[in-house]
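# Understanding the architecture of this molecule
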Amino acid sequence: MAAYFSLILVLVTLCSGLVWMADALLLAPKRRERLAMAQAVDADISEENAEKITRESAFVETSRSIFPVIAFVLILRSFIYEPFQIPSGSMMPTLLVGDFILVEKFSYGLKDPVWRSQLVETGKPERGDVAVFKYPENPRIDYIKRVIGLPGDRIVYRNKQVYIQPACAEGEITCPALKQVARIGVNQGEFSQNGMPLSRYTEKLGEVSHDILINPQRPDPIGYYYREGKLPMGEFIVPEGHYFMMGDNRDNSTDSRFWGFVPEENLVGKAVAIWISFEFDRTQADLLPTWIPTSVRFNRVGGIT
């Protein structure tokens, strides 16, 4: 839907701008000529009649009125910030269902809003970023996950623990070793899944500390993991130009463990802030529709880590 909206926005902006330009260059001068001819015949032509002669059509007036607004929205949404809504719990506890976030579009390069070809390179994802991207198996769908692996990294997910061996830099003699990502326990039972209390941990990826959820009773679905060549199940080497993404709700997230890597061209931007957050606790038996919020979580408004 977002892709269609971008296309519609571009078309409306282009059409309204062309109509406005055509009027300014072609039609408006002709209207002024007709006014000059009318004034030559009747020097005392009334202001009302003069206004009627030079008045633009309703279609042109509407195009002229909406073009600056639509153009501003297009530039803002395509190159600066775009709002997204969190539809699932795969990024809990960092992001909850009902959070509305802002995605910084220029973090990973400026792309055209229709074909998404890169226009200007502005930066690369860093380990620990919360990123929005086009789902590789269906680019019409937007996903949001955390960047775990960078190009060249070796990632191992085993017994609900993440291990990372960073890519060996060019010219480096001693390459980094495979290390477990450090984490400490926070609590158990604050969040639950199907009645099962989840364990909350604080995990550190480089300089980024964030919380994750683990279901200790659920075995790792290794048989469903993406198999990369002859590597053991649960082990991944990130190709150049690709990234390995995982949800913070580790046992309730369909991510790179299951469908592989995210190409760089699929990146949309970096999630930087929650601008509003709603709770939706209504049921079908309630008088009001379920899509109407029951409350606002003002305490969640702010930056994302």
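Anything mentioned here points back to the structure above.
Residues numbered from 1 in each chain as written. Predicted model: local features only at pLDDT ≥ 70, side-chain atom pairs only at ≥ 80, totals over all residues. Heavy atoms only, no water.

On to the overall build of the protein chain. When helices and strands are counted, the protein chain shows 4 helices and 18 strands. Taken over the C-alpha trace, the protein chain has a radius of gyration of 27 Å; the compact-globule value for 305 residues is 19 Å, which it surpasses by more than 25%. On the principal axes, the C-alpha backbone points of the protein chain span a range of 90 × 60 × 30 Å. Intrachain contacts of the protein chain at a sequence separation of at least 6 include 56% that bridge at least 24 residues. Of the charged side chains in the protein chain, 33 are positive and 37 negative, and the gap between their average positions amounts to 5 Å. (Helix = DSSP H or I, 4+ residues; strand = E, 2+ residues; numbered from the N terminus. Rg over C-alpha atoms; globule rule 2.2 N^0.38 Å. Contact = heavy atoms within 4.5 Å. Lys, Arg positive; Asp, Glu negative; His and termini not counted. Charge placed at Lys NZ, Arg CZ, Asp CG, Glu CD.)

What follows covers the packing of aromatic side chains. Under the counting rule described, the total for this entry stands at 14 aromatic pairs. Residues Tyr225 and Phe258 carry aromatic rings whose centres are separated by 5.3 Å and whose planes lie at 80 degrees to one another, so their mutual orientation is edge-to-face. Separated by 33 residues along the polypeptide, Tyr225 in the loop between strand S12 (208-214) and strand S13 (235-237) and Phe258 in helix H4 (residues 256-259) bring together distant segments of the chain. You can call Tyr225 buried: its relative accessible area is 5%. Seen from their ring centres, Tyr226 and Phe261 are 5.8 Å apart, and the 85 degrees between their planes marks the pair as edge-to-face. In this pair, Tyr226 is assigned in the loop between S12 and S13 and Phe261 in the loop between H4 and strand S15 (262-263), connecting sequence segments 35 residues apart. Its relative accessible area of 31% is what places Tyr226 among the partly exposed residues. Look at Phe261 and you get buried, because its relative accessible area is 11%. Each residue in the set Phe100, Trp275, Phe278 and Phe280 is aromatic and connected to the rest through ring pairs, giving one cluster. (Phe/Tyr/Trp six-rings, centres within 6.5 Å; stacked < 30°, edge-to-face > 60°. Buried < 20%, exposed > 50% of the residue type's maximum accessible area, 1.4 Å probe, protein only.)

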